[in-house]
Amino acid sequence: FIRTEDNYSVRYARTIRESKLEKDVVIDYDHKNMVATYNDSITYPVDEKIHDFFSALFILRTLDIEEEKIALTVDADGGQWQFEVIPAGQEDIEFEGKQIKSIVLMVSFKAISLKNKVKEKSDVLTYHMVNPKARIKLWLSDDERKLPIKMEHFSSPNSSNPVRAFLTGYSNKS
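Please read all numbers here as calculations on a predicted model, not as lab measurements. (Residues numbered from 1 in each chain as written. Predicted model: local features only at pLDDT ≥ 70, side-chain atom pairs only at ≥ 80, totals over all residues. Heavy atoms only, no water.)

Engineer: Just checking my understanding: could you explain the sheet that holds strand 3 (residues 35-38) for this structure?
Structural biologist: Where strands meet in a sheet, backbone hydrogen bonds hold them as pairs that are either parallel or antiparallel. Here four strands make up an open sheet; going across it, the order is 1-2-3-4 and the pairing antiparallel. The open sheet is flanked by strand 1 (11-18) and strand 4 (42-45), the only strands paired with a single partner. Along the sheet, successive strands turn relative to each other by an average axial angle of 20°, direction set aside. Of the strand pairs in this sheet, strand 3 and strand 4 are connected by four bridges, and their pairing is antiparallel. Its bridge partner lying in strand 4, valine 35 is registered against proline 45. (Pairing = 2+ DSSP bridges. Helix = DSSP H or I, 4+ residues; strand = E, 2+ residues; numbered from the N terminus. Axes fitted to C-alpha atoms, helices over the stretch in contact; angles between N-to-C directions.)

Now the structure itself:
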């Protein structure tokens, strides 16, 4: 959930259903007081301009990032990270049976503060997604929508088997 006036996170909700872990996570962000509350029980300080991981990916669609490096502050379960986004050119990529132009971005993470990181079990994806060795390669459609077409997550710089995600369809129901 993001504020429409400035695109900062106000709430992050995640439902985890894995073989050995079932958990619901809700993080509420209070920008005025610069705090976040994890599952109504753990409160920790955050940057005034904080994003959760997935809203930060969404925000990339609204920015002009074709030539300059962008840095966003991201909260990942209480750890604050600098989400560094570097433009990596353009590529043609297949989407819905057609070749379309895409903007390619490389995302890396620098720890800002991990002293408030929530010490609870988390899902496999979140646990490995944000760390100083991880990298994400993201393809956005090169048009006004900047749809996230493809994403590859590398858990380390030498990782040869990234986790891949693809947009498999799009419908504009307006």
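Engineer: Please explain the environment of asparagine 33 as it appears in this structure.
Structural biologist: Structurally, the position occupied by asparagine 33 is in the loop between strand 2 (21-30) and strand 3. Linking asparagine 33 and glutamate 48, residues 15 residues apart in sequence, is a C-alpha distance of 8.0 Å. For asparagine 33, the side chain forms a polar contact with the side chain of aspartate 30, separated by 2.8 Å. (Polar contact = N/O pair within 3.5 Å; in protein donor to acceptor, adjacent residues only side chain to side chain.)

Engineer: For this particular structure, what's the right way to read the pairing of strand 2?
Structural biologist: Looking along a regular strand, one sees side chains alternate from face to face of the sheet. Judged by which residues are buried, strand 2 turns out to be one-sided: Leu21, Lys23, Val25, Ile27 and Tyr29 face inward and are buried, whereas Glu22, Asp24, Val26, Asp28 and Asp30, on the alternate face, are not. Pairing analysis gives eight bridges linking strand 1 to strand 2, with the strands arranged antiparallel. Within strand 2, the position partnered with arginine 14 by the bridge is valine 25. Count of turn residues in the strand 1/strand 2 antiparallel hairpin: two residues. In this structure, strand 2 lies alongside strand 3, joined through four bridges in antiparallel fashion. Bridge assignment links tyrosine 29 to a residue of strand 3, and that residue is alanine 36. Hairpin remark: strand 2 followed by strand 3, antiparallel, with four residues in the connecting loop; positive phi at methionine 34, about 55°. (Buried < 20%, exposed > 50% of the residue type's maximum accessible area, 1.4 Å probe, protein only.)

Functional significance is not addressed by these values, which are geometric in nature.
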